[in-house]
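Report on the structure
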Amino acid sequence: MTFVITRTFDWTLVKKPLMRRPHPTNKSRSIILDAIGLALALRGHGWDWSHGVYIPRETRPANRRGFLSDVILSAALHALLCGVLHMAIRLLAPVQVRTLSGGSIFDEALPFRARYARSTVISVFGAFSLYAFLQMCYDACTIVGVLVLGQDPARWPPAFGAPWCATSLTDFWGRRWHQFFRRMFLIQGGYPLSFFLGKTGIVIGAFLSSGIMHHIAMVNLNERVTPWRMLVGFGMMAPGVLAERAFKKWTGRNVGGVAGWVWAMTWLVLWGSFIIDATARAGVYGGHLSVVERVIPGRKVVEGLMADLFERVIFS
C-alpha cells in the first residue's frame, strides 16, 4: 500500500507523459503488458522515469533457452543457499531468536568478545541470506515474465552486481545492491530533505526512509519491535557515504581498492548488525524453512560445521 501511495504521488507531479523505450522490432506492442510493467516495475527499467538507476552488466546468455536455463539454475541455487544460511543462523543464534516471538542476536550472558563475535557471524549470514532470498524471488518473477508472459529477456536485467565485491559504501548502495526501492526512498525522504540540506539531504533522507520502511515491514511480523534499530542501522549508512564524498573532495580520489573494500565491509557489518538484530527481534528466524531445510543435501554436515564454528568463535 505504501508503495502504491508513493508511486501515485510521484506520478501526480510529472510534467510529461511517461514513455516506454522502443520495443524490439520483432515484438508487437501490448498496451496491457505496458500498463502492468509501468505499475509494477520497481526500477522502471525500459521507462524514461528510470533515469539514474544503475543496471548491472548482463552476463547471462542472450538466447531465450540459455537465459531461462541460467535463471532456473540460479533460482534453485539461491533457494538452497537461503535455506542453508537460515538453518545456520538458527543453530548459532541465542535460543530466543529461534522462536516466533523473536529475540536479540546479542547474548548478554556471554563475555563481550564472545557476544560480538557471535553477533558478527550471524549478521554476515543474515545479510547473505537476505541476498539469496531476494535473488531467488527475482529469478522466480523472471521465469514467469519470460516463460509464461513471453517477455523479452532484456526486460529482466540482473538485480545484483556481486555486493560482496563492493569497494566503497557508494559502490555497494549505488551499484551492487538491488535498486528496487531507490525511487521510493528518494520520493519519501531524499527529495523532501534536499529542500533543507541540499545534496546532503538526499543521502540522509533516502536512508532514513529506508529505515522507516524496513521497520514497517518488521512491525507486520511483530508489533512489539521498536523502530530505533532499523533507523540507526540504515541511518548510519548516510554518514559513511557522506564521508566518502568528503574524502573525494579533499583528495581528488574515490574510495576504492583493498582498503576501500575493508572500509565498506567493516562499516556494513558494524551497523548492519543493528538491522539483523531488528530482523531477529521480529521473529524472522523463528520459523523453519521446512520445505527447503528438509531437502538440503548434507544437513548433518551443515549442523556439524555450525557446531564447530560456534565452539571456535564463541569459546576460543
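On a predicted model such as this, the values are computed, not experimentally measured, just so you know.

Applying the stated rule across the entire model yields 18 aromatic pairs. In textbook terms, an aromatic cluster arises when at least three aromatic residues are bridged by ring pairs, as seen for Phe-128, Tyr-131, Phe-160, Trp-164, Phe-172, Trp-173, Trp-177, Phe-207 and Phe-234. One cation-aromatic arrangement involves Arg-175 over Tyr-54; the distance from NZ or CZ to the ring centre is 4.1 Å.

Turning our attention to the confidence of the model for the protein chain. Detailed conclusions should not be drawn from predicted coordinates in areas where pLDDT is low. Within the protein chain, residue pLDDT values average 86, and 87% of them lie at 70 or more. The secondary-structure element of the protein chain with the lowest mean pLDDT is helix H11 (residues 290-294), recorded at 52, while helix H10 (residues 257-281) shows the highest, at 97.

It is the contact of helix H9 (residues 237-251) with H10, at a shortest axis distance of 10 Å, that shows an interaxial angle of 160°. As far as their axial angle goes, H10 and H9 are roughly antiparallel. For the pair H9 and H10, the crossing hand works out as right-handed. Along its contact with H9, which presents Met-237, Gly-240 and Glu-244, the element H10 presents Trp-263, Trp-267, Leu-268, Trp-271 and Gly-272. Tallied by class, the residues present in the contact of H9 with H10 amount to five nonpolar, two polar and one charged.

With that out of the way, let us pick up H10. It helps to recall that an α-helix has 3.6 residues per turn; residues three or four apart then point in one direction. With 25 residues, H10 extends 35 Å from end C-alpha to end C-alpha; this agrees with the ideal 36 Å at 1.5 Å per step. The axis of H10 is deflected most strongly, by about 35°, at Gly-272.

Moving on to helix H5 (residues 169-176). Taken residue by residue, H5 has Leu-169, Asp-171, Phe-172 and Trp-173 as its buried positions. Turning to H5, the residues buried within the fold contact helix H7 (199-219), helix H8 (228-235), H9 and H10.

Tallied over the full model, the rule gives seven salt bridges. Notably, a salt bridge pairs Glu-58 with Arg-60, separated by 2.8 Å at the nearest N-O pair. By relative accessible area, Arg-60 is classed as buried at 14%. Note that Asp-171 and Arg-176 form a salt bridge whose closest N and O atoms lie 2.9 Å from each other. Here the residues in one salt-bridge network are Asp-171, Arg-175 and Arg-176, joined through shared partners.

What counts as what
Residues numbered from 1 in each chain as written. Predicted model: local features only at pLDDT ≥ 70, side-chain atom pairs only at ≥ 80, totals over all residues. Heavy atoms only, no water. Phe/Tyr/Trp six-rings, centres within 6.5 Å; stacked < 30°, edge-to-face > 60°. Lys NZ or Arg CZ within 6 Å of the ring centre and 35° of its normal. pLDDT = per-residue confidence, 0-100. Helix = DSSP H or I, 4+ residues; strand = E, 2+ residues; numbered from the N terminus. Axes fitted to C-alpha atoms, helices over the stretch in contact; angles between N-to-C directions. Parallel < 35°, antiparallel > 145°, perpendicular 65-115°, else oblique. Left-handed = near helix turned anticlockwise from the far one by under 90°. Contact = heavy atoms within 4.5 Å. Nonpolar A, V, L, I, M, F, W, Y, C, P; charged D, E, K, R; others polar. Expected span 1.5 Å × (residues − 1). Bend = angle between axes of the 7 residues up to and from the residue. Buried < 20%, exposed > 50% of the residue type's maximum accessible area, 1.4 Å probe, protein only. Salt bridge = Lys/Arg side-chain N within 4 Å of Asp/Glu carboxyl O.

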